[in-house]
Amino acid sequence: MTVSKTCAVMYAWLPLIVQGTVMTVVVSCCALLIGLCFGVIFGIGNCNRLKHVAWNWFINFYVVVIRGTPVYVQVLIVYYALPDVTGINLNALEAGVIALGCNSIAYVTEIVRGGINTVPGGQWDAAYVLGYSQIKTLALVILPQTLKNILPALINEVTALLKESSILSAIGLLEVMRVAINISEKTLDPMSVYLGIALIYLGLTTSISLVAKKIEKMLEVGHDYH
Amino acid sequence: MITTKNLTLKFKQATILQNISVTLHKGHITAFIGKSGAGKTSLLKCLANLYHGFSGDALYQGKPLNSLTTQQRVHAVGFVFQQFNLFPHLTVVQNCVQPQVTALGTSQQQAQKKASEVLACLGLSACEHVYPNQLSGGQQQRVAIARALVLEPQVLLFDEPSSALDPQATQALAQVLKDLSKTGITIGLCSHDVVLIKELLDCVYLIDGGTVVDQHYMSDGALCTTSLIGQFLGKLEE
């Protein structure tokens with residue numbers, strides 16, 4: 001009964017739900033891009049071999065603050081408080097991307113830092129003896145090995161980010177969760193609506209996991225240290 | 001070829017090496033022996049310029065090792081690690097090609113040709129396209145030697161080269177080292193393997209507590225069993 005009702009509601013509101021789903025994917029992808037770009041740089045800068053007091057304290061402070069506060073609070077600060085301080089007005093999409101992106105940076109930093117630290121120190125020594133510069137050591141020796149180590153954790157971060165994007169409904173961004181709330185208020189049938197939305201999230205996260213498994217299989221060959 | 005003068009290495013409060021003066025002569029095989037923790041590997045790493053914070057001199061053909069450019073350094077000293085440290089995400093041939101392209105700027109084609117030649121010399125032609133984790137310990141070591149040799153170093157350093165090998169593979173390694181020495185490559189190694197030491201060496205240094213306590217040139221005659229080196233090797237044989 002509930003399943004057929006859910007299907008009927010989803011079908012009736014399909015264009016809005018598709019629009020919301022697209023917005024969820026877009027905002028997650030943009031935030032992930034920010035998270036990956038800065039998180040990889042911060043993670044490299046904070047690994048055991050390259051950390052330096054000049055930036056180490058800043059990265060650690062950033063990670064502690066972001067990981068120690070709820071993402072919901074971060075979203076509200078970026079959307080409501082930041083314009084007061086900076087004078088720059090952000091729309092819901094911009095604020096959402098920045099808040100989720102900044103949140104993701106902290107987690108990706110820790111994932112990359114941990115992943116690089118698991119590569120044996122002998123790999124750095126071998127690259128040095130063979131005449132690799134530090135940048136080439138990272139690009140050609142350390143990061144390719146790190147990627148396999150951190151892939152499961154990175155996939156966790158991607159799926160967490162996708163689910164956390166539902167928090168942006170609080171600042172009025174028309175992502176799939178906000179659409180669901182709106183539909184539920186109109187139809188007065190929250191059970192059917194939220195069940196349908198849950199299935200959409202499940203579909204998205206499962207697709208990510210399937211792609212990740214394929215990539216993991218591709219990287220499976222080689223890599224063991226013994 | 002490589003000389004150290006009063007080389008002293010400290011980590012925080014601990015003195016790892018103290019006033020070490022040794023010479024690796026061209027085309028000779030020199031061994032550093034001693035108990036675990038004596039400082040043999042640290043000395044080899046100083047000679048490979050892997051440790052920088054030492055005082056005293058480490059010279060290659062009269063020039064300080066740390067003043068060499070990257071290209072000069074890789075042509076001067078190669079290093080085969082105890083754990084081999086092959087790059088696990090690259091195939092055997094890629095392990096030998098990438099350093100040439102990256103460090104020396106050799107073309108991919110030339111690097112490939114050189115890698116295949118060296119791998120063939122070490123009997124590894126059949127393994128070119130497999131990954132290091134698919135090889136035995138002895139094969140991995142020969143790949144590590146090949147990876148060092150493609151850069152044509154004048155000095156090749158080995159850290160405990162026979163520690164992961166069975167007696168048969170150790171014999172094969174001894175032959176490889178002899179052949180390399182005949183081509184004029186200077187070899188320095190640290191080892192606990194009495195068979196390898198007695199069969200190969202031109203010169204032995206005994207290191208204890210971070211200092212050289214005895215040395216012996218084989219050209220000076222047979223090793224005296226009452227010398228410190230003789231006593232140390234005698235204990236190892238027991």
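Predicted model only: the values in this text are computed from it and were never measured.

Quick look at the pattern of salt bridges now. All names here are of chain A. Following the criterion strictly, the structure yields six salt bridges over all chains and no others. Between Glu110 and Arg113 there is a salt bridge, with its nearest N and O atoms 3.2 Å apart. With a gap of three residues between them, Glu110 and Arg113 both fall in helix H5 (residues 92-118), about one helical turn apart. The class of Arg113 is partly exposed, set by a relative accessible area of 24%. Here the salt bridges do not stand alone but share partners, grouping Arg67, Glu110 and Arg113 into one network.

Further remarks concern the packing of aromatic side chains. Residue and element names in this part refer to chain A. For the structure shown, the criterion picks out 10 aromatic pairs over all chains. Judged by centre distance (6.5 Å) and plane angle (70°), the rings of Phe38 and Phe42 are edge-to-face. One end of the pair, Phe38, and the other, Phe42, are both in helix H2 (residues 14-45), four residues apart, so they sit about a helical turn from each other. Residue class for Phe38 comes out partly exposed when judged on its relative accessible area of 43%. With a centroid separation of 6.0 Å and 80° between ring planes, the pair formed by Phe42 and Phe58 is classed as edge-to-face. Placement of the pair is Phe42 in helix H2 and Phe58 in helix H3 (residues 53-67), with a sequence separation of 16 residues.

Our focus in this paragraph is unusual backbone geometry. All names here are of chain B. For Phe84, which is not glycine, the phi torsion reads 70° and is therefore positive. Position of Phe84 among the secondary structure elements: in the loop between strand E7 (77-80) and helix H3 (92-104). For Glu160, which is not a glycine, the phi torsion comes out positive at approximately 45°.

Thresholds applied
- Residues numbered from 1 in each chain as written.
- Chains lettered and ligands numbered in written order.
- Predicted model: local features only at pLDDT ≥ 70, side-chain atom pairs only at ≥ 80, totals over all residues.
- Heavy atoms only, no water.
- Salt bridge = Lys/Arg side-chain N within 4 Å of Asp/Glu carboxyl O.
- Helix = DSSP H or I, 4+ residues; strand = E, 2+ residues; numbered from the N terminus.
- Buried < 20%, exposed > 50% of the residue type's maximum accessible area, 1.4 Å probe, protein only.
- Phe/Tyr/Trp six-rings, centres within 6.5 Å; stacked < 30°, edge-to-face > 60°.

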